[in-house]
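Architecture and fold: a report
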Amino acid sequence: MANSAKTDSRHRPISSRYGVHGPIGVGGQVQAYLARDLLLGEDVVLKAAADNESTLRDEFCLLRHLKHPNVAEARDLVRADRLYLVQAHAPGEDFFAWATADPQPMRLARGIAAVLRGVQYIHCQGVVHRDIKPENIRVGSAEAGGLPWARLIDFGLAASQGTLPDAAGTMNYIAPEILNGEAPSPASDMYSLGVVLHEACLGRRLDRPPAPGELRHWAASGAKQRRLLSEVTDDLLAEAPSQRPEPSAVMDALEQVCGAPLRLCPEDLRTTYFPRPPLVGRQEAVRGLQRLIDAIETAGAARLLWVTGHGKTAIAAEACALARIAGYEVLQAASPEALVSRLD
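Residues numbered from 1 in each chain as written. Predicted model: local features only at pLDDT ≥ 70, side-chain atom pairs only at ≥ 80, totals over all residues. Heavy atoms only, no water.

1. Regarding the overall build of the protein chain
Let me state the cut-off plainly: Strands are runs of DSSP state E lasting at least 2 residues, helices are runs of H or I lasting at least 4, and numbering of each runs from the N terminus. Residue burial is assigned from relative accessible area. The probe radius is 1.4 Å, only protein chains are included, and a residue is buried under 20% of its type maximum, exposed over 50%, and partly exposed in between. Pairs of residues are marked as contacts when any of their non-hydrogen atoms sit within 4.5 Å. For the accessible areas, the method is Shrake-Rupley and the probe is 1.4 Å, while residue cover comes only from the protein chains on display.
Each helix and strand counted, the protein chain has 12 helices and 12 strands in total. Looking at the protein chain residue by residue over its 344 residues, the buried ones come to 44%. The long-range fraction of contacts in the protein chain, counting pairs at least 24 apart against all pairs at least 6 apart in sequence, stands at 63%. Total accessible area computed for the protein chain in this model is approximately 16,800 Å², and 53% of it derives from carbon and sulfur atoms.

2. So, helix α3 (residues 105-124)
Applicable threshold: The span expected for a helix works out to 1.5 Å for each residue beyond the first.
The first and last C-alpha atoms of α3 sit 28 Å apart over 20 residues, in line with the 28 Å expected at 1.5 Å per residue. The buried fraction of α3 is high, at 17 of 20 residues. After α3 finishes, the residue G126 shows a positive phi value of roughly 80 degrees.

3. As for the environment of W218
Tracing the backbone through its elements, the reader meets W218 in helix α6 (residues 216-220). For W218, a relative accessible area of 11% gives the class buried. Ignoring any residue separated from it by four or fewer positions in sequence, one finds W218 in contact with C201, R226, L229 and S230.

4. Overview of the pairing of strand β2 (residues 30-37)
The criterion, for reference: Between any two strands, at least two bridges found by DSSP are needed for them to pair.
The buried fraction of β2 amounts to 6 of the 8 residues, a majority that puts the element mostly inside the structure. Judged from the 8 bridges that link them, β2 and strand β3 (residues 42-49) form a sheet pairing that is antiparallel. The residue of β3 that forms the bridge with L34 is V45. The turn joining β2 and β3, which pair antiparallel and follow one another in sequence, is formed by 4 residues; a positive phi near 70 degrees is taken by G41.

5. A look at the side chain of R151
Test applied: In this charge count, Lys and Arg are treated as positive and Asp and Glu as negative; neither His nor the chain ends contribute. The term salt bridge refers to a side-chain nitrogen of Lys or Arg lying within 4 Å of a carboxyl oxygen of Asp or Glu. As used in this structure description, the phrase polar contact means that two N or O atoms lie within 3.5 Å; if the pair is within protein, one of them must be able to donate a hydrogen and the other to accept it, and residues adjacent in sequence are counted only when both atoms belong to side chains.
As for its placement among the helices and strands, R151 is situated in strand β9 (residues 147-152). One buried charge, R151, has no salt-bridge partner; the nearest side chain with opposite charge is E73, at 4.8 Å. A polar side-chain atom of R151 sits 3.5 Å from the main-chain carbonyl oxygen of V71.

6. Some thoughts on the pattern of salt bridges
Enumeration according to the criterion identifies 16 salt bridges in this entry. D37 is paired through a salt bridge with R17; the nearest N and O atoms lie 2.9 Å apart. With a gap of 20 residues between them, D37 in strand β2 and R17 in the segment before β1 (18-27) connect regions that are remote in the sequence. Owing to a relative accessible area of 2%, D37 belongs among the buried residues under this scheme. Accessibility expressed as a relative area gives 10% for R17, which makes it buried. Its salt-bridge partner being R204, residue E214 comes within 3.8 Å of it at the nearest N-O pair.

7. Focus: the nonpolar core
The line we're drawing: For our purposes a nonpolar core is just a set of buried Ala, Val, Leu, Ile, Met, Phe, Trp, Tyr and Cys residues, chained together by side-chain atoms within 4.5 Å.
The biggest cluster of nonpolar side chains holds 62 residues, and the ones touching the most others in it are L66, F95, I122, I137, F155, L229 and L254. In terms of residue count, the dominant contributor to this core is α3 (10 residues). Sequence-distant contacts of L229, defined by excluding residues within four places in its chain, comprise P105, L108, A109, L197, C201, W218, L254 and V257. One finds I14, Y18, V20 and V86 within the second-largest nonpolar core, a separate group that totals 11 residues.

8. So, the packing of α3 against helix α5 (residues 186-202)
What counts here: Axis angles are defined between N-to-C directions and span 0 to 180 degrees, where every axis is a line fitted to C-alpha atoms and, for a helix, only to the segment in contact. The scheme is simple: roughly parallel for angles under 35 degrees, roughly antiparallel for over 145, roughly perpendicular for 65 to 115, oblique for anything else. Should the near helix be turned anticlockwise from the far one by less than a right angle, the crossing is left-handed, and should it be turned clockwise, the crossing is right-handed. Classification used: nonpolar for Ala, Val, Leu, Ile, Met, Phe, Trp, Tyr, Cys and Pro, charged for Asp, Glu, Lys and Arg, polar for all others including Gly.
Their axes nearest at 11 Å, the elements α3 and α5 cross at an angle of 165 degrees. The angle between α3 and α5 places the two elements in the roughly antiparallel class. Crossing handedness for the pair α3 and α5: right-handed. Residues L108, I112, V115, L116, V119, I122 and H123 of α3 lie in contact with α5, whose contacting residues are P186, D189, M190, L193, V196, L197, A200 and C201. The residue makeup of the contact of α3 with α5, split by class, is 13 nonpolar, 1 polar and 1 charged.

9. Describing helix α1 (residues 54-63)
Spelled out, the test is: Arc definition: it is the arc formed by the directions from the helix axis to the C-beta atoms.
What α1 keeps buried is the set L56, E59, F60, L62 and L63. Looking down the long axis of α1, one finds its buried residues gathered within 165 degrees of arc, a one-sided arrangement.

10. Quick word on unusual backbone geometry
Of note in the backbone geometry, R130 takes a positive phi value of approximately 75 degrees without being a glycine. Inspection of the secondary structure assignment puts R130 in the loop between β7 (127-128) and β8 (137-144). One non-glycine residue with positive phi stands out, namely N172, at about 85 degrees. Here N172 lies in the loop between β10 (159-160) and α4 (176-179). N172 sits in the buried class, given a relative accessible area of 15%.

11. Here we look at the confidence of the model for the protein chain
As a reminder of what qualifies: The predictor reports its confidence for every residue as pLDDT, a score running from 0 up to 100.
This prediction gives the protein chain a mean pLDDT of 81; 71% of its residues lie at or above 70. Note that pLDDT drops below 50 for residues 1-5; the model gives that stretch 9 contacts with residues more than four away or on any other chain.

Take a look at the structure:
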């Protein structure tokens, strides 16, 4: 990123690698900072927990298995004065601000379609986000795959299906079945996405859940694209989870709004329909890595050194992830010489 903000001289680089620009927001128990990756020359976001660091470890454990252009990307887990989760920076504005700047139905449909690609991907990977709202969707000015560049962020409440904890989320975006004590599900995320689209169509934020038929006047006062988009929204806001459409059906409806196919980019085909497989047949190797890390911890070491590009990349990446979760600093370089220079 060419026009990055200057690194704040009041903050020492985190882990000798991340130069902090300054805070960019506080949400719940987490504070976020914009920073510069001094090794790669890219802007990143550092998330720090106020007290419960396990939430950051859980988020890193979940995100490290996800890789999609419309989903937040976890880069690192480092400890300095406290634990930091390092994520790729998602520039732009939140979905509501982006949508209301030019609330044309076809534009809104394309924006939601971009977000839907990310939602569909995490559901294919067995993950429920549980906190989809405008603030957790970043939309930039560029385009990708024929759609606006959008990214689903903040997986602090996300969980794998089948191991979902108690109900959580942001009021007014929580599906009615969650409030009635049922477990979160992909259909719950689809309801939340419906609330996001509903508010974008209305052009105002609500302090209550959406009301049935609330878009009727909006739909009747414009072209047929408004009617089609309001129908998509009403379907997503169905009371019963079983009545809400699957992502593929929503994408078909959004194509009708746009009057054109919403093309899949190669990354979608590779990750959504042909997802990256786990380390099949290497469970013993992974268990061995965990035993090795446990032994290193017993020895009192604090760093794991990794030289990239020397084979067994998937296993090495798994070792680094396990080490970060255990609390080690991982130093990574392309050659032994470069690694030595980082130690100096």
